[in-house]
Amino acid sequence: MAVTASGLFLPTWIDILDVTQLAVDLDAETHRIALFDNTITPNFSTDTAYGVIPYNAGEVTGTNWPAGGVLLTTTTVSESPAGTLMFDAADVSVASATFTGARAGLIYADALVGNNALLLVNFGSDYSPNNGTFTIQWAAAGVFALDLTP
Amino acid sequence: MDQTLEDLEQAYREAYDAYAEDRTPENRETYKEAKRAFSDARTYKKQLEELDPDHPRGRSVVLIENGE
């Protein structure tokens, strides 16, 4: 069991685009990032939501990092660079945090009843702040980017 | 008048809220323009930081691509 990749969850994105018309507003400041350890094994083709297998176990919580995670703020979905759809957000920064073994961040639509999983970010290694500032710096290219004109 | 990133962020959020409340074509255009201005400014700021070896963003640049 392990996190080996970052990715977007196909079930959710298909539901956004097909007749399901899942109402996901990426500009809304209602999406959360929850932390998980390396015991989970994500499957971007079948995983659906926070709180649903495998995201019903292995969640990392602690001081100043609650279950369910924290909100992403100043979220934007835009074209950057030309031909590329970019989802971006303010860097996540939590002071005086203490938790153990955060290997990945699950971003999900907390405003929706289904807590639909949007994407997973693989940190690449475990992070365990001890009363320190835990920061996730999103790259200039954003949280994720889709080149729609390759 | 030069606007700070914070000014652009506030303008974006206000435009978002206005459009969410009243979906007129005018509000939509304002929201799109405000988002574009803020998003571009934030991206440019981060690009500069990534080039600065004295900035945390420049000291540790990890680009995670889908599948990594």
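Residues numbered from 1 in each chain as written. Chains lettered and ligands numbered in written order. Predicted model: local features only at pLDDT ≥ 70, side-chain atom pairs only at ≥ 80, totals over all residues. Heavy atoms only, no water.

Draft legend 1. Just the overall build of chain B, in detail. Secondary structure summary: chain B contains three helices and zero strands in total. Ordering the α and β elements of chain B from the N terminus gives α-α-α. Residues counted as buried form 24% of the 68 residues belonging to chain B. Taking all contacts inside chain B whose residues are at least 6 apart in sequence as the whole, residues at least 24 apart take part in 29%. (Helix = DSSP H or I, 4+ residues; strand = E, 2+ residues; numbered from the N terminus. Buried < 20%, exposed > 50% of the residue type's maximum accessible area, 1.4 Å probe, protein only. Contact = heavy atoms within 4.5 Å.)

Draft legend 2. Structural view of the confidence of the model for chain B. Residue and element names in this part refer to chain B. In this model, chain B carries an average pLDDT of 86, and 84% of its residues clear a pLDDT of 70 or more. Averaged over each element, pLDDT in chain B is lowest for helix α3 (residues 56-59) (74) and highest for helix α1 (residues 5-21) (97). Across residues 61-68, where pLDDT falls below 50, the model places 16 contacts with residues more than four positions away in sequence or in other chains. In the predicted assembly, ipTM is 0.88 and pTM is 0.92. (pLDDT = per-residue confidence, 0-100.)

Draft legend 3. Examining the packing of α1(B) against helix α2 (residues 25-50) of chain B more closely. Residue and element names in this part refer to chain B. Running from N to C, α1 and α2 cross one another at 150°; their axes reach a closest spacing of 8 Å. It follows that α1 is roughly antiparallel to α2 by the angle criterion. With respect to the hand of their crossing, α1 and α2 are arranged in left-handed fashion. Residues L5, L8, E9, A11, Y12, A15, Y16, A18 and Y19 of α1 form the contact with α2, whose participating residues are N27, R28, T30, Y31, A34, K35, A37, F38, A41, R42 and K45. Residue composition of the contact of α1 with α2, grouped by class: 13 nonpolar, two polar and five charged. (Axes fitted to C-alpha atoms, helices over the stretch in contact; angles between N-to-C directions. Parallel < 35°, antiparallel > 145°, perpendicular 65-115°, else oblique. Left-handed = near helix turned anticlockwise from the far one by under 90°. Nonpolar A, V, L, I, M, F, W, Y, C, P; charged D, E, K, R; others polar.)

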